[in-house]
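Observations on the three-dimensional arrangement
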Amino acid sequence: MNNLRDTSSAVATRDRLDRPLRDLRISITDRCNFRCVYCMPKETFGADYQFLERSALLSFEEIARLARIFTRHGIEKIRLTGGEPLVRRNVEQLIALLSDIPGLDLTLTTNGSLLTKKAEALRKAGLKRITVSLDSLDDAVFKAMNDVDFPVSRVIAGIDAAAAAGLLPIKINMVVKRGLNEDSIVPMARLFRERGHILRFIEYMDVGATNGWRMDDVVSAREIVDMISRDMPLEPADPNYTGEVAERWRYKDGSGEIGVIASVTQAFCRDCTRARISTEGQIYTCLFATQGHDLRALLRGGASDDEIHAAIGKVWTNRSDRYSEIRGKQTVPLKKIEMSYIGG
Ligand code: SAM
Ligand code: SF4
Ligand code: SF4
């Protein structure tokens, strides 16, 4: 196994299970222009849903300040997410602030709907690569999943715009939910193999409390690999680094690779190096955490960088989360945080 990341920084703060703090995901808005059935179902996120007030959101300056403090704990990668990060006004200004931080791998996950408008500005602001979510090539299936009648062609146009702007490599995320989009697995694999983008299949997860998750709805990574392999034979590939979320598989004919994120059937908590910052500046040490720790209060209460650094260190060194490994073996937490708030 290639341990590139484990040797690159001597300062990484470690948790109670000896896992270094390497990755930070920041949710920059809890709003989204999609209502994906597995993430922000309309029944909950309807017209009268109360999103956060603007003043509750961390400002770009606050986010950038936190990011710099986090790098002192060993953070090497920041992913901006949400909600839909591109609906946050002037997001490219935040990209410019973050891309100034030396040695940081900065990326962003988007539903692609605004990419034709934004790709060029994001690239100019300093973003180098991007992940775009797309669950099907079939309009009827995709529309049933995004639930706002958004057509596939506009996401594909967004992906093309990102490629033309040089936001490379592009990764494509596809969540697979049984009974909804299994038939899209092979066509998606075929298209993105042709286009040279890395498609990553994500097992449908029990995040949040609103998507009505059932184990029966999960199509396992194993099934997905088998399904594709029947058409286009695959073989396992080594991870790029310790703690890589996606398990890599390459086409035997050398025509590219896919990833599978088996967070349900093959939990990877033991290598989990990710912290998350919610839209209003709480730090969470697990996607399934029920409670965060308030960094915004420190930022706005006059705390020094060293004090904030110490507070983050305390949270991480106390961490022992491994929800996916113990899923089903213990009582599910009652009030899980929604993914759009905590950042996927
Ligand atoms: N709006 C952006 C997007 O959709 O790419 C970024 C935020 S979204 C919460 C981040 C990723 O989480 C997306 O790729 C989405 O498909 C995935 N996701 C959301 N809910 C999920 C669930 N219940 N299980 C697995 N993945 C999920
Ligand atoms: Fe929005 Fe992304 Fe959630 Fe879909 S997965 S509802 S695009 S935040
Ligand atoms: Fe990390 Fe929590 Fe997911 Fe396990 S369940 S991989 S600890 S975020």
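Structure: see above.
First, a word on what this report is: a plain description of the structure on this page. (Residues numbered from 1 in each chain as written. Chains lettered and ligands numbered in written order. Predicted model: local features only at pLDDT ≥ 70, side-chain atom pairs only at ≥ 80, totals over all residues. Heavy atoms only, no water.)

1. Some details on the overall build of the chain
The helix and strand inventory of the chain stands at 12 helices and 12 strands. Relative to a compact globule of 344 residues, whose C-alpha radius of gyration would be 20 Å, the chain shows 19 Å and is just as compact. Dimensions of the chain, computed from the C-alpha atoms along their principal axes, are close to 55 × 40 × 40 Å. The buried share among the 344 residues of the chain stands at 56%. Long-range contacts, defined as pairs at least 24 residues apart, comprise 73% of the intrachain contacts of the chain with a sequence gap of at least 6. Put simply, the chain shows about 14900 Å² of open surface, and 49% of that area lies on carbon and sulfur atoms. If the 50 positive side-chain charges of the chain are averaged to one point and the 47 negative ones to another, these points end up 2 Å apart. (Helix = DSSP H or I, 4+ residues; strand = E, 2+ residues; numbered from the N terminus. Rg over C-alpha atoms; globule rule 2.2 N^0.38 Å. Buried < 20%, exposed > 50% of the residue type's maximum accessible area, 1.4 Å probe, protein only. Contact = heavy atoms within 4.5 Å. Areas by Shrake-Rupley, 256 points an atom, 1.4 Å probe, with all protein chains shown as cover. Lys, Arg positive; Asp, Glu negative; His and termini not counted. Charge placed at Lys NZ, Arg CZ, Asp CG, Glu CD.)

2. A short note on the site of ligand 2
Neighbouring ligand 2 are the residues C32, F34, C36, Y38, C39, M40, G83 and N111. Here the shell around ligand 2 is built from residues that sort into six nonpolar, two polar and no charged. (Near = heavy atom within 4 Å. Nonpolar A, V, L, I, M, F, W, Y, C, P; charged D, E, K, R; others polar.)

3. Focus on the site of ligand 1
The environment of ligand 1 is made up of 20 residues, and the closest members are Y38, G83, S133, V175 and M205. Contacts to ligand 1 include Y38, whose backbone N or O atom sits 3.1 Å from a nitrogen atom. For ligand 1, whose free accessible area comes to 540 Å², the fraction covered by protein is 95%. Contributing elements (two or more residues each) for the shell around ligand 1: β3 (105–110), β5 (170–176) and β6 (198–203). (Polar contact = N/O pair within 3.5 Å; in protein donor to acceptor, adjacent residues only side chain to side chain.)

4. Points about the nonpolar core
Counting residues in each nonpolar core, the largest one holds 110 residues, and the members touching the most others are F70, L80, I130, F201 and I228. The contacts of I228, once residues within four sequence positions are left out, are I185, V186, A189, F201, L234, Y251 and I258. (Core = buried A, V, L, I, M, F, W, Y, C linked by side-chain atoms within 4.5 Å.)

5. Side note on the side chain of T273
Note that T273 resides in the loop between β9 (257–261) and β10 (274–277). Contacts of T273, omitting those with residues within four sequence positions, involve P20, L21, R22, D23 and W316.

6. Quick word on the packing of aromatic side chains
The geometry of an aromatic ring pair is captured by two quantities: the separation of the ring centres and the angle between the planes. For the coordinates displayed, the defined rule picks out five aromatic pairs. Judged by centre distance (4.6 Å) and plane angle (45°), the rings of F45 and Y49 are tilted. For F45, a relative accessible area of 3% gives the class buried. On the accessibility criterion, Y49 (30% relative accessible area) is partly exposed. Ring geometry for Y49 and F51: centres 4.7 Å apart, planes at 65°, overall edge-to-face. Its relative accessible area of 15% is what places F51 among the buried residues. The lysine or arginine in question, R193, covers the ring of Y251, its NZ or CZ lying 5.1 Å from the ring centre. (Phe/Tyr/Trp six-rings, centres within 6.5 Å; stacked < 30°, edge-to-face > 60°. Lys NZ or Arg CZ within 6 Å of the ring centre and 35° of its normal.)

7. What about the side chain of D135?
Along the polypeptide, D135 turns up in the loop between β4 (130–133) and α5 (139–146). Although D135 is buried, it makes no salt bridge; K177 carries the closest opposite charge, 11 Å away. A polar side-chain atom of D135 sits 2.6 Å from a polar atom in the side chain of Y38. Sequence-distant contacts of D135, that is, excluding residues within four places in its chain, are made with Y38, F142, M145, N173, M174, V175, N181 and S184. (Salt bridge = Lys/Arg side-chain N within 4 Å of Asp/Glu carboxyl O.)

8. With respect to the pairing of β6
Judged by how many residues are buried, β6 sits mostly within the fold: five of six residues are covered. In terms of strand pairing, β5 meets β6 through six bridges, oriented parallel. Of the residues in β6, the one forming a bridge with M174 is F201. Read as a crossover between parallel neighbours, the route from β5 over helix α7 (residues 185–195) to β6 is right-handed. Strand direction decides the pairing type here: β6 and β9, joined by four bridges, are parallel. Across the sheet, the residue bridging to I202 is I261, located in β9. (Pairing = 2+ DSSP bridges. Right-handed = clockwise from strand over helix to strand, strands pointing away.)

9. Describing the sheet that holds β9
Pairing is mixed in the open sheet, where 12 strands are placed in the order β7-β8-β9-β6-β5-β4-β3-β2-β1-β10-β11-β12. Among the strands making up the open sheet, the edge pair consists of β7 (234–236) and β12 (293–294).

10. Quick word on the environment of W249
Within the secondary structure layout, W249 lies in strand β8 (residues 247–251). Using a relative accessible area of 11% as the deciding quantity, one classes W249 as buried. Between the C-alpha atoms of W249 and S229, which are 20 residues apart in sequence, the distance is 9.9 Å. With sequence-adjacent residues up to four places away left out, W249 is seen in contact with R222, V225, L234, E235, P236, A237, E257, I258 and V260. Among the polar contacts made by the side chain of W249, one reaches the side chain of E247 at a distance of 2.8 Å.

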